[in-house]
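Close look at the chain arrangement
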Amino acid sequence: MHDEMAAKKRFNLGFLFRTEDWWTVWLGAFLIVLASVGVITAVPRLKGWSTNIGDALPLDLIPGLLALGVFLAVIAAIAYGVINRSSKEAGRFLIGFPVVFVLAVLAYVLGNQETLKHYGFSDVIWALVFGLIISNVFGKPRWLVPALQTELFIKTGLVVMGAELLFNRVMTLGFYGLGVAWTVPPLGLFFMYQYGVRRLKMRDKSLVATIAACTSVCGVSAAVAAGAATKAKKEEISMAVSISLIFTVISMVIQPVIIRWLGLTDAVGGAWIGGTIDSTGAVVVAGSMVGEKAMEVAAVIKMLQNLLIGAVAFVFALVFARHEGPGTQVELDDGVEVTIGQRPKVSEIWTRMPKFVIGFVLASLVFSFVLIPWLGQERVDGIVSVTKNVKNWLFTLAFVSIGLDSRFSDMAKMARGGKPVKLYIVGQTFNLAATMIAALIFFGGYFFAPPI
């Protein structure tokens, strides 16, 4: 009996190292620790350039890039091999990873071109474009498939991103920022989900939930969290992300123009941008096109929205577990299948909860309430500058993988008459109007004295 219980305990704990979700927590924590203790003190950053592309990649930067590529390849290959319980799979990952990394470097090169960057064509946009061109024009070779670990890259990046969300920055805007960041997204989620399911009659409710979260909360981050919680297909998450990226570029260019045309203050304009543009990077770029104050407000509001990731994932996990229907078999993280009825157990809801969110929240709490008092703000800022660059590389690798994993023909089949695009457009229109109202209420000076 004792041996049986011990074996069961080992079995139950084994999934902590056999699932991708948990490995993103361990990898993210590992990267944060290395940056915090000074093992990683700098991450290569490609330089901006105007007319001479050689300025983007000087020779003295190449050794650092090679070291970064080897390091990321090794830790990701270890995770991939353990998850698949095969050293051969780890080797297959290592064969394809250099191609993905080189494409990421090329994306960074074009993303740093001053004119293109000004208009929102950042590295993640080019990463997606390169991947889509190869996948849809030439087709991806089989040997490259093991290296396309989109969720491993992006979820690890999200855990690392938790280090950036320091509560002292959030407090500078107080409840004003919360009034915009935490009131509109729940309304948008409810509206879009009801519109997609009841009005558009979309059958793939997981796709509806993923697009709704992507539009209402914070783009890619929320799409991944909602997709994981609702057990959405990889193609559904890719579609939501692709639609979001297309309209993000448009919004980045148009919204600053509208703000100036309407004569909005920087605070109101920044709040509007932060609450409506899906990508954190795009928010910062669009905000900077309006002004320094607008960029600060936009960035903080977007980070406040990022904190909703866990709540959104939990709510969707609860809703989908309750309504999945009796007799539905769901595979748990440890490989055991259970039947979900109308009243899910807590353990089944927990199974649907994306585990990387735990690492995301813990990183934020540790940096805010442990490292800053212990090491001081200046030292923590230095650590965050390192973790931020690591996160950006991981995100770029993820977007290359998304592009390589996406085929327009597959998306066309899933679009089913353009309903996903229509859902996004209608939902984003609602989001733009509701966020504008909230921005005017909390930052317009009509009801409260604006904080800046």
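About the criteria used
- Residues numbered from 1 in each chain as written.
- Predicted model: local features only at pLDDT ≥ 70, side-chain atom pairs only at ≥ 80, totals over all residues.
- Heavy atoms only, no water.
- Helix = DSSP H or I, 4+ residues; strand = E, 2+ residues; numbered from the N terminus.
- Buried < 20%, exposed > 50% of the residue type's maximum accessible area, 1.4 Å probe, protein only.
- Contact = heavy atoms within 4.5 Å.
- Axes fitted to C-alpha atoms, helices over the stretch in contact; angles between N-to-C directions.
- Parallel < 35°, antiparallel > 145°, perpendicular 65-115°, else oblique.
- Left-handed = near helix turned anticlockwise from the far one by under 90°.
- Phe/Tyr/Trp six-rings, centres within 6.5 Å; stacked < 30°, edge-to-face > 60°.
- Core = buried A, V, L, I, M, F, W, Y, C linked by side-chain atoms within 4.5 Å.
- Salt bridge = Lys/Arg side-chain N within 4 Å of Asp/Glu carboxyl O.
- Expected span 1.5 Å × (residues − 1).
- Polar contact = N/O pair within 3.5 Å; in protein donor to acceptor, adjacent residues only side chain to side chain.
- Patch = residues over 30% accessible without salt bridge, like charges linked within 9 Å, V, L, I, M, F, W, Y side chains within 5 Å.
- Areas by Shrake-Rupley, 256 points an atom, 1.4 Å probe, with all protein chains shown as cover.
- Lys, Arg positive; Asp, Glu negative; His and termini not counted.
- Charge placed at Lys NZ, Arg CZ, Asp CG, Glu CD.
- pLDDT = per-residue confidence, 0-100.
- Nonpolar A, V, L, I, M, F, W, Y, C, P; charged D, E, K, R; others polar.

Turning to the overall build of the chain, a few remarks are in order. The number of helices and strands found in the chain is 22 helices and two strands. The proportion of buried residues among the 452 residues of the chain is 54%. Within the chain, contacts between residues at least 6 apart in sequence are counted, and of these 76% link residues at least 24 apart.

Once that is clear, we can look at the environment of G427. Its location among the elements puts G427 in helix α22 (residues 419-443). Residues G427 and T215, 212 residues apart in the sequence, show an inter-C-alpha distance of 7.0 Å. Among all residues touching G427, those that are not within four sequence positions of it are F191, M192 and T215.

Where helix α4 (residues 87-111) contacts helix α20 (residues 377-404), the axes come no closer than 9 Å and their chain directions differ by 110 degrees. In this view, α4 runs roughly perpendicular relative to α20, as classed from their interaxial angle. Here α4 runs over α20; the crossing is right-handed. Seen from α4, the contacting residues are F97, V100, F101, L103, A104, V105, A107 and Y108; seen from α20, they are N392, W393, T396, L397, V400, S401 and L404.

This part takes up the packing of aromatic side chains. Counted under the stated rule, the structure contains 13 aromatic pairs. Look at Y80 and F93: their rings are 5.8 Å apart centre to centre, the planes differ by 35 degrees, and that puts the pair in the tilted class. Taken together, the positions of Y80 in helix α3 (residues 62-83) and F93 in helix α4 put the pair 13 residues apart, joining distant regions of the chain. With a centroid separation of 4.5 Å and an interplanar angle of 15 degrees, the aromatic rings of F191 and F430 are classed as stacked.

Of all hydrophobic cores here, the largest spans 142 residues; its most connected members are F97, F316, W393, F399 and F443. When residues in this core are grouped by element, the largest group, 14 residues, is from α20.

Here we take up the pattern of salt bridges. In the structure shown here, the tally under the stated rule is four salt bridges. Here D21 ties to K155 by a salt bridge, and the two come within 3.0 Å at their closest N and O atoms. In this pair, D21 sits in helix α2 (residues 20-36) while K155 sits in helix α7 (residues 150-161), placing the two residues 134 residues apart along the sequence. Here the two residues D21 and K155 agree in accessibility, since each one is buried. Between D266 and R260 there is a salt bridge, with the nearest N and O atoms lying 3.5 Å from each other. We classify R260 as partly exposed; its relative accessible area is 47%.

Attention now moves to α3. Relative to the 32 Å expected for 22 residues at 1.5 Å per residue, α3 spans 31 Å between its end C-alpha atoms, a close match to the ideal helical length. Contact partners of the buried residues in α3: α2, α4, α7 and α20. With its phi angle positive at about 55 degrees, R85 sits one or two positions after the end of α3.

Glancing now at the environment of E114. Mapped onto the fold, E114 is located in helix α5 (residues 114-118). Separated by 64 residues in sequence, E114 and S50 have C-alpha atoms that sit 5.5 Å apart. Ignoring sequence-local partners within four residues, the contact set of E114 consists of W49 and S50.

Note on placement: T24 falls in helix α2. Within the local environment of T24, its side chain forms a polar contact with the backbone oxygen of D21, the two atoms lying 2.5 Å apart. In contact with T24, other than residues within four places in its own chain, are E151, L152, K155, T156, V159 and F356.

There is a patch of like positive charges on the surface, built from R198, R199, K201, R203, K205, K419 and K422. For the positive patch, the secondary structure elements donating two or more residues are α10 (184-199) and α22. Mapped onto the secondary structure, K201 falls in the loop between α10 and α11 (205-218).

On to α2, then. Helix length check: α2 (17 residues) gives 24 Å between terminal C-alpha atoms against 24 Å at 1.5 Å per residue, within 8%. Burial within α2 is extensive, with twelve of its 17 residues counted as buried. Of the residues making up α2, those classed as buried are D21, W22, W23, T24, V25, L27, G28, L31, I32, L34, A35 and S36. Just past α2, the residue G38 takes up positive phi, approximately 90 degrees.

All right, on to the confidence of the model for the chain then. With 83% of its residues at a pLDDT of at least 70, the chain reaches an overall mean of 80. Of the regions scoring below 50 in pLDDT, residues 4-11 engages in three contacts with residues more than four places distant in sequence or in other chains.

Moving on, we come to unusual backbone geometry. Positive phi values are uncommon outside glycine, yet R85 reaches one of about 55 degrees. Examined against the element boundaries, R85 turns out to sit in the loop between α3 and α4. A positive phi is found at K201, a non-glycine position, where the angle reads about 60 degrees.

Mapped onto the elements, S368 comes out in helix α19 (residues 356-375). Judged by relative accessible area, which is 10%, S368 ranks as buried. Within the structure, the side chain of S368 is placed 2.8 Å from the backbone oxygen of S364, a separation counted as a polar contact.

All right, on to the packing of α2 against α20 then. In the contact formed by α2 and α20, the axes pass within 9 Å of each other and the chain directions differ by 140 degrees. Relative to α20, the element α2 is oriented oblique. As for how α2 packs across α20, the hand of that crossing is right-handed. Two secondary-structure elements touch here, α2 through L31, I32, A35 and S36 and α20 through R379, I383, V386, T387, V390 and L394. Residues belonging to the contact of α2 with α20 are distributed by class as follows: seven nonpolar, two polar and one charged.

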